[in-house]
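Reading the structure
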Amino acid sequence: MLPQRDQTDSGSRGPEVAVPRPAMASERERVPEMPDADKSPVVAIANRLPIRPGDGGWELSPGGLATALRPVMRTRSGAWVGWDGGSKGMPATLPGLRTRLLPISLSVAQVRQYYHGFANATLWPLLHDAIEKPRFERGWWRSYQDVNSAFAGAALAALSDCPGAIAWVHDYHLALVPRLLRERRPDQPIGFFLHIPWPAPEIFARVPWRQEILLGMLGADVVSFHAERYRDNFVRACASLLADVGVQVNGSTIVLPDQRQVSTTTAPISIDTAEYRRLAADPETAAQIAGLTDQFRGRSLLLGVDRLDYTKGIVERLLAVEALLERRQDLRTKVAFLQVAVPSRDNVVEYRTLRAAVEGHIGRINGKFTEPGSDVPVHYLHRSLPPEQLAAYYAVADMMLVTPLIDGMNLVAKEYVTVQHARHGSGSMILSEFTGASSELREAIPCNPFDTEGLSLRVEHALALSQSARRAAITAMARYVAAHDVHRWVARQLRDIAAAARTGGRARMDRQLVAASQPGPARSPGPPASRSRQGRRPDGVRRH
Ligand code: ADQ
């Protein structure tokens, strides 16, 4: 298992920049007070608010960022700015939370253009290696700018109410927010975390507003990614697409024309392992396990759990199962494949097409391979499951098929190994080499999901592994995940932001001192005069 690095230096790829001279002790004292990562309030800015209506009223949404930030929201003041999703009457906070919830309402047109359009039909496919063709519409881009401004406005108000807070901006929906905050609060500690991949610079370069998006993210003190290859791609994009506006790259640091420095880091997200261990032991989960064990008795259960998204490789997985059953007639009554698919983004045409394709493949495979008097080989649930039921599926599955064509991290892989280990299971996991998780879960059986025949052979190989080999792999992966859980990720992200802001504060201080010590009129930070060309805004970005 390779240790994950807190902050990775990719080596110099661009012209070196002058490192600001070290400040003298007396100068350092004048640096503005920076936040304490372990105590400061946190203002989270993410597309959605972390609550949903439950049986007994509003509750925290399960999974993801809400779970990750639950301890922070309980113990520190702060706020969460997010879209209300169209819900009315959201509470200002929840019992037991100190965080205030600040809902953003979007118009019908904004939901269509900003959310379904620019976020999910432009940036999502673009940043996933353009495996579906990204659509570029100027109206969507304008809406994206407007909505990012609205989020930034709400975040600025929250930051004014929370002195010393860390601003933590999440994901591709809000790439412009860090810079909008920076313009109004130059000394604000700001972090940006991208939850999805970052493609090679040649792919990212296709988006007409590439400079604005990059400079938007570079408003942060630190920009973080799940995997080293995404971080590296981002740094290379900055080097190649921002050189003409005076941005330079120094190892893993991006230096802006005003000499402000932005760190880039690799910070793989994880799960709340204690919560998944608790779920594994829950009586409700145990009852569900008993039912599923009966249902699939005598068969090896292969499992896929995903949002119904074209990045997840669901069709390729089905084709691999089909190839396996074609080749191994004896397995047709001995293996069952269950695909659990959460409905997702029905308003985007590619998702509707995908659903039709998935359901078509399942119908064909079952039509072809169901033996008279026997159960169907492929089972399909198109719905969201309660956590106990999901945990039960993880517990009974003999094999987990995690086969995305590309995936930022993939939390399902971490959830499966955690539940299996907690239940003393010995399942095996096939894991696409194109997931962030594959950099961490080295004991999984790697696969290339584009090679469906090869994938089917991997499944066949995994079915033949000894129980001791499978158990050893699950144990090693579960231990790794437990040692790198989401609470550690949150703590490290907040520490990184506070540390980068401190470094940036010192650099700013040094700059001001250098400017003050030079004769002539005081110079304000900005791009070098030689780079200020016609048609550029003062920050060097062309107008569109
Ligand atoms: P997602 O694309 O949503 O997240 P993933 O990381 O797998 O992908 O998370 C899915 C979550 O949904 C898991 O926690 C899983 O338990 C849950 N889930 C899946 N099917 C479910 C079902 N039927 N019922 C209930 N819950 C279900 C994005 C990126 C990922 C990245 C995460 C976090 O695309 O690459 O890992 O953000 O950064």
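Everything below is about the structure shown above.
Residues numbered from 1 in each chain as written. Predicted model: local features only at pLDDT ≥ 70, side-chain atom pairs only at ≥ 80, totals over all residues. Heavy atoms only, no water.

**Section: the overall build of the protein chain**
Spelled out, the test is: Numbering of helices and strands starts at the N terminus; helices are DSSP runs of H or I of at least 4 residues and strands are runs of E of at least 2. With a 1.4 Å probe rolled over the protein chains alone, any residue whose accessible area is under 20% of its type maximum counts as buried; one over 50% counts as exposed, and the rest are partly exposed. Should any heavy atoms of two residues lie within 4.5 Å, those residues are considered in contact. Where accessible areas are quoted, they stem from the Shrake-Rupley method and a 1.4 Å probe; at the residue level, only the protein chains shown are allowed to cover.
Helix and strand counts for the protein chain stand at 17 helices and 17 strands. Buried positions account for 56% of the 544 residues belonging to the protein chain. A separation of at least 24 residues holds for 76% of the contacts in the protein chain among residues at least 6 apart in sequence. Accessible surface for the protein chain amounts to roughly 22300 Å². Of this, 51% is attributable to carbon and sulfur atoms.

**Section: the sheet that holds strand S11 (residues 261–266)**
Defined as follows: Two strands make a pair as long as DSSP finds a minimum of two bridges between them. Axes, fitted as lines to C-alpha atoms, cover a helix only where it is in contact. Angles between the N-to-C directions of the axes lie from 0 to 180 degrees.
Strand order in the open sheet made by the nine strands is S5-S4-S1-S6-S7-S8-S11-S10-S9, with mixed pairing throughout. Both outer strands of the open sheet, strand S5 (99–104) and strand S9 (248–250), are each paired with one neighbouring strand and no more. Strand-to-strand twist across the sheet, computed as the mean angle between neighbouring axes with direction ignored, equals 20°.

**Side note on the site of the ligand**
Note the following rule: Near is defined per residue: the residue qualifies when any heavy atom it owns lies within 4 Å of the molecule or strand. Each polar contact in these results corresponds to two N or O atoms within 3.5 Å; when the atoms are within protein, one needs to be able to donate a hydrogen and the other to accept it, and residues that are neighboring in sequence are counted only if both atoms are side-chain atoms.
With respect to spatial proximity, 21 residues lie near the ligand, and among them His195, Leu385, Asp407, Met409 and Glu415 are the closest. Taking His195, its side chain carries an N or O atom lying 2.7 Å from an oxygen atom of the ligand. At 3.1 Å, a backbone N or O of Gly408 approaches an oxygen atom of the ligand. Calculation on the ligand without its partners gives an accessible area of 720 Å², and the protein chains cover 84% of this total.

**Notes on the pairing of strand S8 (residues 222–225)**
Residues of S8 alternate between two faces, with Val222 and Ser224 on one and Val223 and Phe225 on the opposite face, all of them buried. Across three bridges, strand S7 (residues 190–193) lies against S8 in parallel orientation. Following the sheet pairing, Gly191 is matched in S8 by Val222. When S8 meets S11, the two strands line up parallel, connected through four bridges. The partner of Ser224 across the bridge, within S11, is Thr265.

**Brief notes about the packing of aromatic side chains**
Rules: Aromatic pairing here means that ring centres of Phe, Tyr or Trp (its six-membered ring) are within 6.5 Å. Orientation follows from the plane angle: under 30 degrees is stacked, over 60 is edge-to-face, and everything else is tilted. Two conditions define a charge sitting above a ring: the NZ of Lys or the CZ of Arg must be within 6 Å of the ring centre, and it must be within 35 degrees of the ring normal.
Counting across every chain of the model gives 18 aromatic pairs. When the centroid spacing of 5.7 Å and the interplanar angle of 55° are considered together, the rings of Trp124 and Tyr172 count as tilted. Of the two residues, Trp124 is situated in helix H3 (residues 108–127) and Tyr172 in the loop between strand S6 (166–170) and helix H5 (177–184); the sequence distance between them amounts to 48 residues. By the burial criterion, Trp124 is buried, and Tyr172 matches it. Aromatic side chains Phe225 and Phe234 sit 5.2 Å apart centroid to centroid with 45° between the ring planes, which places their arrangement in the tilted category. Given the relative accessible area of 0%, Phe225 is considered buried. The exposure class assigned to Phe234 is buried, which follows from its relative accessible area of 0%. Taken together, Trp83, Tyr114, Tyr115, Phe118, Trp141, Tyr144 and Trp209 form an aromatic cluster joined through their ring pairs. Taking NZ or CZ as reference, Arg345 lies 4.1 Å from the ring centre of Trp124, over its face.

**Observations concerning the side chain of His379**
Mapping His379 onto the fold places it in strand S14 (residues 378–382). Residues in contact with His379, not counting those within four places in the same chain, are Gln295, Phe296, Phe337, Leu338 and Gln339.

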